[in-house]
Amino acid sequence: MRVYRVLVGVLFYISIFSNTFGQELAKKVVLKEVLSIGGEEKDILFQWAGVTTDLSNNIYLTDSIDYSIKKFKEDGTLLKKAGRRGQGPGEFLAPRLIKYFDRFLYVTDQNKPGIQVFDEELNYKESIPLRVPVFDFKVLSKNLIAVSTLIPNESSKCIFFYDEKGNLKDKIEYLKLENESLSMLSIVKFEIDDKNDLYIIYTFQDKIEKFDGKGKKIWSKSLFENREMKMKKPKVSPYQLPEEVVFKDIEFDNKGNIFILAGSWSRNKSRDIYILDKKGNLLTIVTLPESTHCIHIDGQNNLYTRAGMGTILKKYRIEYQ
Amino acid sequence: MKEKFKRIIVILYFINLAFLLLWGKENQAKESRLLHSKLMFIFLDYSAISCSLCLDSFLTLCNTLKTEKGENIMVVGVIISEDSEDENRAKIIEKQLRGFAKANNIDFPLILDKSNIFKESHFEDSIILFDIVSKSVKKYKFPLDKKRLKEIIVKDK
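Overview of the structure. Remember, it's a predicted structure, so these values are computed and weren't measured experimentally.

Tallying secondary structure elements over chain A gives 1 helix and 26 strands in all. For chain A, the C-alpha radius of gyration of 21 Å lies close to 20 Å, the compact-globule estimate for 321 residues. If you line up chain A on its principal axes, its C-alpha atoms span 75 × 50 × 40 Å. Counting over 321 residues, chain A shows a buried share of 54%. Restricting the contact set of chain A to residue pairs at least 6 apart, pairs at least 24 apart contribute 44%. Distance from the positive charge centre (50 side chains) to the negative charge centre (44 side chains) of chain A: 2 Å.

Pasting the structure below:
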């Protein structure tokens, strides 16, 4: 009986701390550069905008100067380039985000609605028609894509879920806005983990939030104390526009840590990555050698960032100490 | 005798050189008048090259020049950027211009104004057209409407 009680006690403590122990907390992180693609001499990258990787460690980039998507081998060799300027299938005006999911690439364009889908050989396959501009997205399955957008004149700000035909299937409200003139402040980027929990960073607010799959807020966190966003109202715009970007991007590593790239409010503008656990505790900060507009982490915990005004892609191995 | 021969050779060489230079220049000048009766400077702000919507009018002009201009217009693109005095930034911008020109099939030179000569000129996103035949200088601003485009491209008779 006594042994049974001890066993129950041990199991109880294990169950309490399992969430914490399940995540390998990052106390100190060091970045080791393992690859650099592009540079002054090589006319391979001109101004890359989005990056993703596949399961074979191939790297895919969008390039806004030559309206293309490019595929690189793990060692940085250019394998293929596709796309040109235009409005048609497989063409781009300003290619931006690119995400890999199950042998397909999903690509957005800042000046074209919807998401274009390509295979791993960069052949155009189809377009997912969306009527809203895509600010961020995540492919959850072949027929479910989560999208962050900005719809003016709607007080309820949501992450929307669409199927592959562009039909709205679901939404999670993350903000109720009372003053519509501050609509720009509601722009977010996000990540969704394997438990369907939603993590949101605000582009123009010092706010990071976690919601469960049903839309219930779990926590909300700020990283910079007592700072107010400066706003300006251009003559041509009905809205006030924020002057500084607070958070730029969010990614998970495969240990369950959240990597958040901070913008101009951080000490090292667009170079500081804040690493949080899934309870919102700040674990550590790692600083990049050069400013970047986005980050990507692959399945082997390699971090990809931008350098040289988009003419260089850097790949770092994340080392946890 | 040797000295005299050398002197004759040198004199002949200089006469020949002068003749070639003068004759060549005269010919080039004639060709220049024939080939380029118009000289066009297109001034673009660097930020425009990554702004697809800003480029529409510029690229329409480029395509029209390619098909309509014949050989009477000499075109030079001048790129204005605040950062161009920084040597490293200038190298990156020049690289991006190469990519931009190639992607858009631009066949005239795009020159970065590294010395910031035109920075305060308010020439960004405009065209300065020197018409040698009518002896006039005109300025056009992007976006160009059809009438302006036709006015720029019109061939000499």
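Resuming the write-up.
This brings us to the pairing of strand β6 (residues 95-101) of chain A. Residue and element names in this part refer to chain A. The sheet contact formed by β6 and strand β7 (residues 104-109) spans 5 bridges and is antiparallel. Residue pairing across strands places Lys99 opposite Tyr106, the latter belonging to β7. What sits between the antiparallel neighbours β6 and β7 is a turn of 2 residues, in which Asp102 has the positive phi angle 50 degrees.

Our next topic: the side chain of Thr305 of chain A. All names here are of chain A. Here Thr305 shows up in strand β25 (residues 302-307). On the basis of relative accessible area, Thr305 is assigned to the buried category, the value being 1%. Residues contacting Thr305, with those up to four places away along its chain left out, are Trp48, Leu288, Thr292, Cys294, Ile295, Ile312, Leu313, Lys314 and Tyr316.

A separate point is the interface of chain A and chain B. The interface is formed by 18 residues belonging to chain A together with 20 residues belonging to chain B. Carbon and sulfur atoms make up 53% of the surface buried where chain A meets chain B, a total of about 1,600 Å² over both sides. Residue Asp43 of chain A pairs with Arg98 of chain B through a salt bridge whose shortest N-O separation is 2.9 Å. Applying the counting criterion to the chain A and chain B interface returns 8 residue pairs in polar contact (both at pLDDT 80 or more).

On to the packing of aromatic side chains, then. All names here are of chain A. Inspection of every chain in the model, using the stated rule, returns 18 aromatic pairs over all chains. With a centroid separation of 6.0 Å and an interplanar angle of 75 degrees, the aromatic rings of Tyr174 and Tyr202 are classed as edge-to-face. Highlighted residues: Tyr174 in strand β13 (residues 168-176) and Tyr202 in strand β15 (residues 198-202), separated in sequence by 28 residues. Each member of the pair, Tyr174 as well as Tyr202, is classed as buried. With a centroid separation of 5.7 Å and 80 degrees between ring planes, the pair formed by Phe224 and Tyr274 is classed as edge-to-face.

Attention now goes to the sheet that holds strand β2 (residues 48-53) of chain A. Through backbone hydrogen bonds, the strands of a sheet pair up, either in parallel or in antiparallel fashion. Residue and element names in this part refer to chain A. Strands sit in the order β2-β3-β4-β5 across an open sheet of 4 strands; the sheet is antiparallel. Strands with a single pairing partner mark the edges of an open sheet, and in this sheet they are β2 and β5 (78-82). Strand-to-strand twist across the sheet, computed as the mean angle between neighbouring axes with direction ignored, equals 20 degrees. Note: strand β4 (residues 68-72) against β5, 4 bridges, orientation antiparallel. Each bridged residue has a counterpart across the sheet, and for Phe72 the counterpart in β5 is Leu78.

On to helix α3 (residues 87-103) of chain B, then. All names here are of chain B. With 17 residues, α3 ought to run about 24 Å at 1.5 Å a step, and its terminal C-alpha atoms sit 24 Å apart, in line with that. Residues of α3 that are buried include every one of Ala90, Ile92, Ile93, Lys95, Gln96, Leu97, Gly99, Phe100 and Ala101, and no others. Regarding α3, its N-cap is Asp86, as a side-chain oxygen of that residue lies 2.9 Å from the backbone nitrogen of Asn88 further along. One or two steps after α3, the chain reaches Asn105, where phi turns positive at roughly 55 degrees.

For the rest of this paragraph, the subject is the sheet that holds β7 of chain A. Residue and element names in this part refer to chain A. With antiparallel pairing, 4 strands are arranged side by side in an open sheet as β6-β7-β8-β9. Strands at the two margins of the open sheet, each flanked by one partner only, are β6 and β9 (124-128). With strand direction ignored, the average angle separating the axes of adjacent strands in the sheet is 25 degrees. Sheet topology note: the β7/strand β8 (residues 112-119) ladder contains 6 bridges and is antiparallel. Residue pairing for β8: Phe104 is matched across the bridge by Asp119.

Opposite charge on two side chains makes pairing possible when the charged atoms of those side chains draw close. Applying the stated criterion to the full structure yields 23 salt bridges over all chains. With a closest N to O distance of 3.6 Å, Lys138 of chain B and Glu151 of chain B form a salt bridge. You can see Lys138 of chain B sitting in strand β5 (residues 136-141) and its partner Glu151 of chain B sitting in helix α4 (residues 146-153), a full 13 residues away along the chain. On the accessibility criterion, Glu151 of chain B (27% relative accessible area) is partly exposed. The structure contains a network of salt bridges with shared partners spanning Asp63, Asp66, Lys70 and Lys81 of chain A.

On to the nonpolar core, then. In this structure, Met40, Phe58 and Leu61 of chain B are the most contacted members of the largest nonpolar core, which totals 46 residues. Among residues more than four places away in sequence, those in contact with Leu61 of chain B are Met40, Ile42, Ile127, Phe142, Leu144, Leu149 and Ile153 of chain B. Of all hydrophobic cores here, the second largest spans 21 residues; its members include Leu185, Ile187, Ile208 and Ile250 of chain A.

This brings us to the side chain of Asp197 of chain A. When you line up the elements, Asp197 of chain A lands in the loop between β14 (188-192) and β15. Discounting chain neighbours no more than four positions away, the residues touching Asp197 of chain A are Glu191, Ile192, Lys210, Phe211, Asp212 and Gly213 of chain A.

Here the focus is unusual backbone geometry. The amide bond that connects Phe142 of chain B to the next residue, Pro143 of chain B, takes the cis arrangement and shows omega of -5 degrees. Here Pro143 of chain B shows up in the loop between β5 and α4. Here the phi dihedral of Arg103 of chain A falls at roughly 75 degrees; this positive angle occurs in a residue that is not glycine. Structurally, Arg103 of chain A is set in the loop between β6 and β7. Although it is not a glycine, Asn196 of chain A adopts a positive phi angle of roughly 65 degrees. Within the secondary structure, Asn196 of chain A is located in the loop between β14 and β15.

Conventions we followed
- Residues numbered from 1 in each chain as written.
- Chains lettered and ligands numbered in written order.
- Predicted model: local features only at pLDDT ≥ 70, side-chain atom pairs only at ≥ 80, totals over all residues.
- Heavy atoms only, no water.
- Helix = DSSP H or I, 4+ residues; strand = E, 2+ residues; numbered from the N terminus.
- Rg over C-alpha atoms; globule rule 2.2 N^0.38 Å.
- Buried < 20%, exposed > 50% of the residue type's maximum accessible area, 1.4 Å probe, protein only.
- Contact = heavy atoms within 4.5 Å.
- Lys, Arg positive; Asp, Glu negative; His and termini not counted.
- Charge placed at Lys NZ, Arg CZ, Asp CG, Glu CD.
- Pairing = 2+ DSSP bridges.
- Buried area = accessible area lost by both parts, 1.4 Å probe.
- Salt bridge = Lys/Arg side-chain N within 4 Å of Asp/Glu carboxyl O.
- Polar contact = N/O pair within 3.5 Å; in protein donor to acceptor, adjacent residues only side chain to side chain.
- Phe/Tyr/Trp six-rings, centres within 6.5 Å; stacked < 30°, edge-to-face > 60°.
- Axes fitted to C-alpha atoms, helices over the stretch in contact; angles between N-to-C directions.
- Expected span 1.5 Å × (residues − 1).
- Core = buried A, V, L, I, M, F, W, Y, C linked by side-chain atoms within 4.5 Å.

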